[in-house]
Amino acid sequence: MTSATAPPPTAGKRPAARTRSVLGTRPWIAACFLLPALALLGALVVYPIGYSVYRSLFDASGEGFVGVDNYQEVFTDDRIRTALKNNVIWVVVAPAVATALGLIFAVLTERVRWGTAFKLVVFMPMAISMLAAGIIFRLVYEQNPDRGVANAVWVGIHDTFAAPAPYPGARPRPTGELTASDGGSYTTRGVVRAGTAVALPLVAVKPEDVGGAKEAIPARDVAGKVTGTVWMDFTRGGGGTAGKIDAGEKALAGVTVEAVKDGRTVASATTDPDGTFTLPPAADGARLRLPAANFATAYNGVDWLGPTLVTPSIIGAYIWMWAGFAMVLIAAGLAGVPRELLEAARVDGANEWQVFRRVTVPLLAPVLAVVVVTLMINVLKIFDLVYIIAPGSSLDNANVLALQLYQSSFGTNVNQGVGSAIAVFLLLLVLPVVVVNVRRIRKEKEGRR
């Protein structure tokens, strides 16, 4: 009996499938899908960067090759150096303050019932464009306290602790008995005697300061005392006699009157509602002085948009907008913090500050890094707020690189070579921050594996 022959080893097996790429498809198909994105990337990113580098090597006309002269001007021109200094201030201050406020808001609102409503209010400025925010804060920082909210509040606080002058800007007639003395005060030309009333007329009093004032009356002679009247020596419609109290002329109440002998104040009094005052016998033989505090110009607040404070003021507007962004991101990270770690720290005897500093903040470090890096990139490109808020007189003091880039490229003295050099320099400033962010993201991915 013959035995059956064994089938060949390959009998019944299917032919091997064609090898595919790691992506699970053929390389040319992947290239077709990536081509539109690569074309857009090249047109919108690579080409502008390359052309900016190329253009930065030529002069204003674009025809003469100047090499690195434009970059040398970036570091020698006073306006550009001011812009660079301000950018350093922006990068150091704005992200740090916005992140700190966001952290405080996120932690404090976690334990209150109305925390969601508070977060909504704080985040709401993010819905406003930079243009609108700039217009809002241009009005907020208005110098006139009747229009600017910041100065209205500041003047209100100041006047609470330092009473304003009763008659700012008032002064005597040039030919009158009173003459200007040191420090803005006014002093009588001669000495006064007890028993004789003194007339102290003033002019240039604002109508609103005497709106409800009584009519002035002549002071009576009082034996052994110095008396007098302080009033607004002005009659509506003209007429009247200078230096004499005429019918209808208003009394100046609340004016401080001092008697001065040998440079020392020996007596003082304040005028009554009818403008009269009475000094004790010690005033006999003294000169009468109306201190400058009676006529000091009204406090007008702080020049928020002046050369000194314009950059901090604009940074304040930026923080108003972006503190809500930081708060939302940090609150999202805080929601993922294990509560058992916080409770364990409290059980071990840590107080709330120690829990916040040694547990909460370290656990939120990755989120805080994201917020800080994002805001640093954002402030390096700041342009809108500075351009809108800073007035023309302070624009050079508030200058930043992005604004200087615009002015150099499209302003009055157009030099697109210098503008391109500033653009390249800005790119170089942003690159380290981007590289740090990319490395951090890669480390986080590796830690999750």
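Because the structure is a prediction, the values reported are computed rather than measured.

Draft legend 1. Representation of the packing of helix α2 (residues 69–76) against helix α3 (residues 78–108) in the model. At their nearest, the axes of α2 and α3 sit 6 Å apart, and the two run at 65° to each other. For the element pair α2 / α3, the angle class is roughly perpendicular. Along its contact with α2, which presents E73, V74, F75 and T76, the element α3 presents D78, I80, R81 and L84. Residues belonging to the contact of α2 with α3 are distributed by class as follows: 4 nonpolar, 1 polar and 3 charged.

Draft legend 2. View of the environment of L57. For L57, the position within the fold is in the loop between α1 (27–55) and α2. With sequence-adjacent residues up to four places away left out, L57 is seen in contact with G64, F65, V66, G67, N70 and Y71.

Draft legend 3. Expanded view of helix α7 (residues 310–335). Between its first and last C-alpha, α7 extends 38 Å over 26 residues, near the 38 Å set by a 1.5 Å rise per residue. Bending of α7 peaks at approximately 35° at the position of M321. Most of α7 is tucked away: 19 of the 26 residues are buried.

Draft legend 4. Looking closely at the sheet that holds strand β1 (residues 178–180). Spatial ordering of the open sheet is given by β1-β2-β8-β5-β6, a layout of 5 strands whose pairing is antiparallel. Looking at the sheet topology across the chains shown, the edges are occupied by β1 and β6 (264–270). Strand-to-strand twist in this sheet, taken as the mean axis angle between neighbours without regard to direction, amounts to 30°. For strand β2 (residues 186–188) and strand β8 (residues 287–290), the ladder comprises 2 bridges, and the chain directions are antiparallel. Paired with T187 across the bridge in β8 is R289.

Draft legend 5. Here's a closer look at unusual backbone geometry. We note that A204 has phi near 60°; this positive angle belongs to a residue other than glycine. Structurally, A204 is set in the loop between β3 (197–202) and β4 (226–232). Exposure remark for A204: the relative accessible area of 41% places this residue in the partly exposed category. For D262, which is not a glycine, the phi torsion comes out positive at approximately 55°. In this fold, D262 is placed in the loop between β5 (256–261) and β6.

Draft legend 6. Broad picture of the pattern of salt bridges. Under the defined criterion, the tally for this structure stands at 7 salt bridges. Three or more residues joined by partner-sharing salt bridges are found here, namely E343, R346 and E352.

Draft legend 7. Inspection of the environment of N70 at higher detail. Looking at the secondary structure, you find N70 in helix α2. Residues N70 and Q404, 334 residues apart in the sequence, show an inter-C-alpha distance of 14 Å. Among all residues touching N70, those that are not within four sequence positions of it are S56, L57, F58, G417, V418 and A421. A distance of 2.8 Å separates the side chain of N70 from the backbone oxygen of F58, its partner in a polar contact.

Draft legend 8. Quick peek at the nonpolar core. Of all hydrophobic cores here, the largest spans 50 residues; its most connected members are W90, Y141, I314, Y318, L385 and I389. Secondary-structure elements contributing two or more residues to this core are α3, α5 (130–140), α7, α8 (339–347), α9 (352–363), α10 (365–380) and α11 (384–389). Ranked by the residues each element gives to this core, the list is headed by α7, at 15 residues. Contact partners of I314, with chain neighbours within four places excluded, come to W90, L385, V386, I389, A390 and A398. In this structure, A170, V255, A267 and A283 belong to the second largest nonpolar core, which totals 26 residues.

Draft legend 9. Examining the sheet that holds strand β7 (residues 276–279) more closely. Judged by pairing direction, the sheet is mixed, and its 3 strands sit side by side in the order β3-β4-β7 without closing on themselves. Of all the strands in the sheet, just β3 and β7 have a single pairing partner and so form its edges. Taking the axes of each pair of neighbouring strands and ignoring which way they run, one obtains an average angle of 25° across the sheet.

Criteria and thresholds
- Residues numbered from 1 in each chain as written.
- Predicted model: local features only at pLDDT ≥ 70, side-chain atom pairs only at ≥ 80, totals over all residues.
- Heavy atoms only, no water.
- Axes fitted to C-alpha atoms, helices over the stretch in contact; angles between N-to-C directions.
- Helix = DSSP H or I, 4+ residues; strand = E, 2+ residues; numbered from the N terminus.
- Parallel < 35°, antiparallel > 145°, perpendicular 65-115°, else oblique.
- Contact = heavy atoms within 4.5 Å.
- Nonpolar A, V, L, I, M, F, W, Y, C, P; charged D, E, K, R; others polar.
- Expected span 1.5 Å × (residues − 1).
- Bend = angle between axes of the 7 residues up to and from the residue.
- Buried < 20%, exposed > 50% of the residue type's maximum accessible area, 1.4 Å probe, protein only.
- Pairing = 2+ DSSP bridges.
- Salt bridge = Lys/Arg side-chain N within 4 Å of Asp/Glu carboxyl O.
- Polar contact = N/O pair within 3.5 Å; in protein donor to acceptor, adjacent residues only side chain to side chain.
- Core = buried A, V, L, I, M, F, W, Y, C linked by side-chain atoms within 4.5 Å.

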